[in-house]
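What follows is each chain in one-letter form.
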Amino acid sequence: MKNNGWLKKVLWVIAISAYVFAVVVGIQFLLGLLLARLVPVEVLESPITNTVFSVISYILAILIIIVLPPRIFKNKLARPSRESLGLRGLPTWTDIGLAPIGYVVSVLLATGLTALFNLMPWFNANESQDLGYSLYMMGFERGLAFVMLAIIAPLAEELIFRGWLYGKLRIKIPKWVAILITSLLFGLIHLQWNVGVTVFCMSIITCILREITGTIYAGMLVHMLSNGIAFFLVYVVGGF
C-alpha cells in the first residue's frame, strides 16, 4: 500500500508538471502558427502585435491551468483560493524589502551555476534570447515592451508557477522537491539553456520567498526587478 501511494504521487507530479508545460508551450506554439498564417510578416514583427500575442498567451494559460479545470470537473477539483495561490492579503513592506535581497541572491546563484555549465562544450552563456522586440525601439513601443516584459510577464508567470504549480506540489511532496521541480520546469519552458539556468535560480529564490512570507508577492517583485534590469541593459543601454 505504501509503495502504491508513492507511485501515485510520482505519477501525479509527472502529470501536473507535464500539463503545465504542455499548456504554456503549446499555447505559444499554436498561436504562433495561427498568427503566421493570418497576419502579414511586417505586422507580426510589430511590438503591438507581439504584446497582444503575449497577453493572449498568458490569459489562455491562466484560464486553462487555473480557472477552467475546477469548473469543468466540479466534483473532483476544488476551486483555488487566493491563499492557495499565494495571494493572501496585499504586498507588505517585508515583501518589498526582501525583493532586492532575493534578486541579488538569485543573480549570485545564477552566476555560479552558469560558470559551472560553461565547462560543458554545448553550453553558450552568451546566446541571445529572442523576446520578439526590436533592439532599437523608441517611445511608445519601448514603453509597451517594458510593461509586457517587466510587469505583465512576471505577474502571470509567478501566478502560474509559484502560485498554482508550486502551491499544488508543496502539499503533496517535500517542499525542497517541489521547489526543484517547479524551478526545473520553469527553466525548461524558456527553451534555451543559458536563460533556463538563470530563471531556474530565480525560481528557487522566489519559491523560498513564498515559504518565508506565505505569499508570492515578494517573488513577483524579484521577477519584476530581474526583468526590469535586463530590459534596461538590453533595450536602453544596448540600444545606443
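Structure first, text after, so check above.
About the criteria used
Residues numbered from 1 in each chain as written. Predicted model: local features only at pLDDT ≥ 70, side-chain atom pairs only at ≥ 80, totals over all residues. Heavy atoms only, no water. Helix = DSSP H or I, 4+ residues; strand = E, 2+ residues; numbered from the N terminus. Rg over C-alpha atoms; globule rule 2.2 N^0.38 Å. Contact = heavy atoms within 4.5 Å. Salt bridge = Lys/Arg side-chain N within 4 Å of Asp/Glu carboxyl O. Buried < 20%, exposed > 50% of the residue type's maximum accessible area, 1.4 Å probe, protein only. Core = buried A, V, L, I, M, F, W, Y, C linked by side-chain atoms within 4.5 Å. Phe/Tyr/Trp six-rings, centres within 6.5 Å; stacked < 30°, edge-to-face > 60°. Lys NZ or Arg CZ within 6 Å of the ring centre and 35° of its normal. Polar contact = N/O pair within 3.5 Å; in protein donor to acceptor, adjacent residues only side chain to side chain. Expected span 1.5 Å × (residues − 1).

Trainee: How do you make sense of the overall build of the protein when you look at a structure like this?
Mentor: Across its full length, the protein holds eight helices and zero strands. Listing each helix as α and each strand as β along the protein from the N terminus yields α-α-α-α-α-α-α-α. Rg of the C-alpha trace for the protein: 19 Å, near the compact-globule value of 18 Å for 240 residues, within the 12% margin. Its C-alpha atoms put the protein at 60 × 45 × 40 Å along the principal axes. Pairs at least 24 residues apart make up 77% of the contacts formed inside the protein by residues separated by at least 6 positions.

Trainee: Which parts of the structure should I look at to understand the pattern of salt bridges?
Mentor: In a structure, side chains of opposite charge can pair up when their charged atoms sit close to one another. For the structure shown, the criterion picks out four salt bridges. Residues arginine 170 and glutamate 211 are paired through a salt bridge, measuring 2.8 Å at the closest nitrogen-oxygen approach. Placement of arginine 170 in helix H5 (residues 139-172) and of glutamate 211 in helix H7 (residues 193-213) is noted, with a sequence separation of 41 residues between them. Note on arginine 170: relative accessible area 24%, which makes it partly exposed.

Trainee: Looking at this structure, I do not really get the nonpolar core. What am I missing?
Mentor: Side chains that are nonpolar tend, in soluble globular proteins, to be buried together. One finds Val20, Ile65, Phe161, Trp164 and Leu165 to be the most contacted residues of the largest nonpolar core, which totals 55 residues. Those elements giving two or more residues to this core turn out to be helix H1 (2-38), helix H3 (47-72), helix H4 (93-117), H5, helix H6 (175-188), H7 and helix H8 (217-237). Looking at which element gives the most residues to this core, the answer is H5, with twelve residues. Excluding its chain neighbours within four sequence positions, the residues that come into contact with leucine 165 are Ile16, Val20, Ile160, Thr182 and Leu185.

Trainee: Honestly, the packing of aromatic side chains in this entry has me stumped. Any pointers?
Mentor: Here the distance between the centres and the angle between the planes together describe a pair of aromatic rings. Taken as a whole, this structure holds eight aromatic pairs when the rule is applied. With a centroid separation of 5.5 Å and an interplanar angle of 45°, the aromatic rings of phenylalanine 117 and phenylalanine 123 are classed as tilted. Ring geometry for phenylalanine 146 and phenylalanine 231: centres 5.4 Å apart, planes at 70°, overall edge-to-face. Taken as a pair, phenylalanine 146 in helix H5 and phenylalanine 231 in helix H8 lie far apart in primary sequence, 85 residues in all. Overall, phenylalanine 231 belongs to the buried group, its relative accessible area being 6%. Among the aromatic residues, those joined into a cluster by ring pairs are Phe117, Trp122, Phe123 and Trp193. Between the NZ or CZ atom of arginine 162 and the centre of the ring of phenylalanine 186, over which it lies, the distance is 4.1 Å. The ring centre of tryptophan 12 lies 5.5 Å from the NZ or CZ of lysine 172, which sits over that ring.

Trainee: Can you help me understand the side chain of serine 17 in this one?
Mentor: Here serine 17 shows up in helix H1. By relative accessible area, which is 11% here, serine 17 ends up buried. A distance of 2.8 Å separates the side chain of serine 17 from the backbone oxygen of valine 13, its partner in a polar contact. Excluding residues within four positions of it along the chain, serine 17 makes contact with Ile181 and Leu185.

Trainee: What should I look at first to understand H6 in this one?
Mentor: Note on helix geometry: an α-helix contains 3.6 residues per turn, so any two residues three or four positions apart are oriented the same way. For H6, spanning 14 residues, the distance from its first C-alpha to its last is 20 Å, which sits close to the expected 20 Å at 1.5 Å a residue. For H6, the complete set of buried residues consists of Ala178, Ile179, Thr182, Ser183, Leu185, Phe186 and Gly187.

Trainee: Help me understand H7, please; the structure alone is not making it clear to me.
Mentor: An ideal rise of 1.5 Å per residue puts 30 Å on 21 residues; H7 measures up with 30 Å between its terminal C-alpha atoms. The buried fraction of H7 is high, at 16 of 21 residues. Where H7 terminates, the next one or two residues include glycine 214, which has phi positive at roughly 85°.

Trainee: Just checking my understanding: could you explain the side chain of threonine 215 for this structure?
Mentor: With respect to the helices and strands, threonine 215 occurs in the loop between H7 and H8. A distance of 3.4 Å separates a polar side-chain atom of threonine 215 from the backbone nitrogen of tyrosine 217.

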